[in-house]
Amino acid sequence: MNKYLASGPRFAEGEVIERIESFRRRRPRLLDDHVTLAHGAGGKASAALLDAVFVQAFRNPALESLGDGAVLTLPGGQRLAMSTDSFVVQPRRFPGGSVGALAVHGTCNDLAMTGAVPAWISAAFVLEEGFPIAELKEIVADMATAAANSGVQIVTGDTKVVPTGAADGLFVTTTGAGVIPPGRTLSADSVRVGDKLLLSGTMGDHGMAVMLARGDLAIDADIRSDTASLGPLVELLMAAAPSTRWMRDATRGGVGTVCNELAQACGFGVLLDERRLPVQPTVTGACELLGIDPLYVANEGKFVAVVAAEEAEPGLRALRSHPLGAEAAEVGEIVAEPAETVVLRTGFGGTRIVDMLVGDPLPRIC
């Protein structure tokens, strides 16, 4: 029996293997006749909708990688990354950020996860009739500040106005492009057994900040969103760990979902160590009150990286040298078995499977 399962619940060996097999990743099936909120949550329902509708219709090699952005090669050999995202967060302003800052940071981060240096952004706005011009100016100013701090330019865009009640105030869609430095390739195909997982900081800050900012819960906690542009942190990691295999920012669905996507993409297992997963005490407390696992709570300024074992320590030092990576930690490793499965070694010495959720316990957090 696999050593990583030996300290878990006392099942017979055959039963353990049967249980593991039941959790292995399978192609999600779209069984719904109508779109639900779960389809936008980044879990199994999202994956089923994506595969059955969009991938089937638009299938091509660039799309099928299903990364944070598409990697495109120009005729001269220069490689670009391109990414699109929409932002519908409520409330539009929350401790630590706003929908405007989030729109820029989120797009820059998706580009950075492909190894690109973000350079240009387009922005499209769907505005509801009656939306206050003063608030629109504030959101646009937040975007301008975030873009300047991220080293990108907002170079084009579009604006549409819809009738009252048709857009919940404002929706923002951004598309970004960036240049990938020569020789830099990040792919789940390069992941190897024995590689280490680095997490750039504490989990769940953004999701819980937005959840509490809605005012629906009688919880008073000083939690701020971690929304930030991760490009500088990525460059530090790449300089210290040039053999970095793969990166993904842990947004919708949190670290747990990202690790499941990694396991499915690379074909190996992911073993996480619960004792090493960084979480702020206030976030832990809020999650416990709400019955939510921090592993599944969204971040907007944290990423998971897979690095070669020999580069894990220098990579971790590099992350910790930057304010955005001060709480970075080595949180796990790539294992051969159980394949395509995420296993968490708990603080009590046992193990449990971290499955991908169907939906998200915190809707509309980005």
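- Looking at an unreviewed UniProt entry, the chain carries the name Hydrogenase expression/formation protein HypE, with the source organism given as Mycobacterium simiae.
- UniProt annotates the chain under Sequence similarities (unreviewed entry) with the comment "Belongs to the HypE family."

**Quick look at unusual backbone geometry**
- Each neighbour pair has its own omega, and for glutamine 90 with proline 91 the value is -5 degrees, a cis peptide bond.
- By the secondary structure assignment, proline 91 is in the loop between strand E2 (79–87) and strand E3 (93–94).
- Of note in this structure, aspartate 168 is not a glycine but carries a positive phi near 50 degrees.
- Its location among the elements puts aspartate 168 in the loop between strand E6 (153–162) and strand E7 (170–180).
- On the accessibility criterion, aspartate 168 (36% relative accessible area) is partly exposed.
- Backbone geometry at glutamate 340 places phi at a positive 55 degrees, although glycine is not the residue there.
- Relative to the helices and strands, glutamate 340 resides in the loop between strand E12 (329–335) and strand E13 (342–345).

**With respect to the sheet that holds strand E10 (residues 269–273)**
- Pairing in this open sheet of seven strands is mixed, and the strands run E9-E11-E8-E12-E10-E13-E14 from one edge to the other. Looking at strand neighbours, the two that pair on one side only are strand E9 (246–249) and strand E14 (351–353), the edges of this open sheet. Strand-to-strand twist across the sheet, computed as the mean angle between neighbouring axes with direction ignored, equals 25 degrees.

**With respect to the pattern of salt bridges**
- Counted by the stated rule, this structure contains 15 salt bridges.
- The salt bridge partner of aspartate 142 is arginine 93, with a shortest N-O separation of 2.9 Å. Residue aspartate 142 is found in helix H5 (residues 133–150), and its partner arginine 93 is found in strand E3; the two are separated by 49 residues along the sequence.
- A salt bridge links aspartate 273 to arginine 275; the nearest nitrogen and oxygen atoms lie 3.3 Å apart.
- Exposure remark for aspartate 273: the relative accessible area of 8% places this residue in the buried category.

**Looking at the packing of helix H7 (residues 231–240) against helix H10 (residues 312–320)**
- The geometry of H7 relative to H10 is characterised by a closest axis approach of 8 Å and an angle of 150 degrees between their N-to-C directions. Taken together, the axis directions place H7 and H10 in an arrangement best described as roughly antiparallel. In the crossing of H7 with H10, the sense of the turn from one axis to the other is right-handed. For the pair H7 and H10, the contacting residues are Leu233, Leu236, Leu237 and Ala240 in the first and Pro314, Gly315, Ala318 and Leu319 in the second.
- Of the residues assigned to the contact of H7 with H10, the class counts are seven nonpolar, one polar and no charged.

**Some remarks on the sheet that holds strand E5 (residues 117–128)**
- A sheet is described by the order of its strands in space; here five strands give the open sequence E1-E2-E7-E5-E6, paired in mixed fashion. The two strands at the open ends of the sheet, each matched to only one other strand, are strand E1 (70–73) and E6. Neighbour-to-neighbour, the strand axes of this sheet turn through a mean angle of 20 degrees, independent of strand direction.
- Alignment of E5 against E6, held across nine bridges, turns out to be parallel. Across the sheet, residue glutamate 128 finds its bridge partner in E6, namely valine 162.

What counts and what doesn't
Residues numbered from 1 in each chain as written. Predicted model: local features only at pLDDT ≥ 70, side-chain atom pairs only at ≥ 80, totals over all residues. Heavy atoms only, no water. UniProt positions renumbered as here; feature names shortened; annotations may be inferred. Helix = DSSP H or I, 4+ residues; strand = E, 2+ residues; numbered from the N terminus. Buried < 20%, exposed > 50% of the residue type's maximum accessible area, 1.4 Å probe, protein only. Pairing = 2+ DSSP bridges. Axes fitted to C-alpha atoms, helices over the stretch in contact; angles between N-to-C directions. Salt bridge = Lys/Arg side-chain N within 4 Å of Asp/Glu carboxyl O. Parallel < 35°, antiparallel > 145°, perpendicular 65-115°, else oblique. Left-handed = near helix turned anticlockwise from the far one by under 90°. Contact = heavy atoms within 4.5 Å. Nonpolar A, V, L, I, M, F, W, Y, C, P; charged D, E, K, R; others polar.

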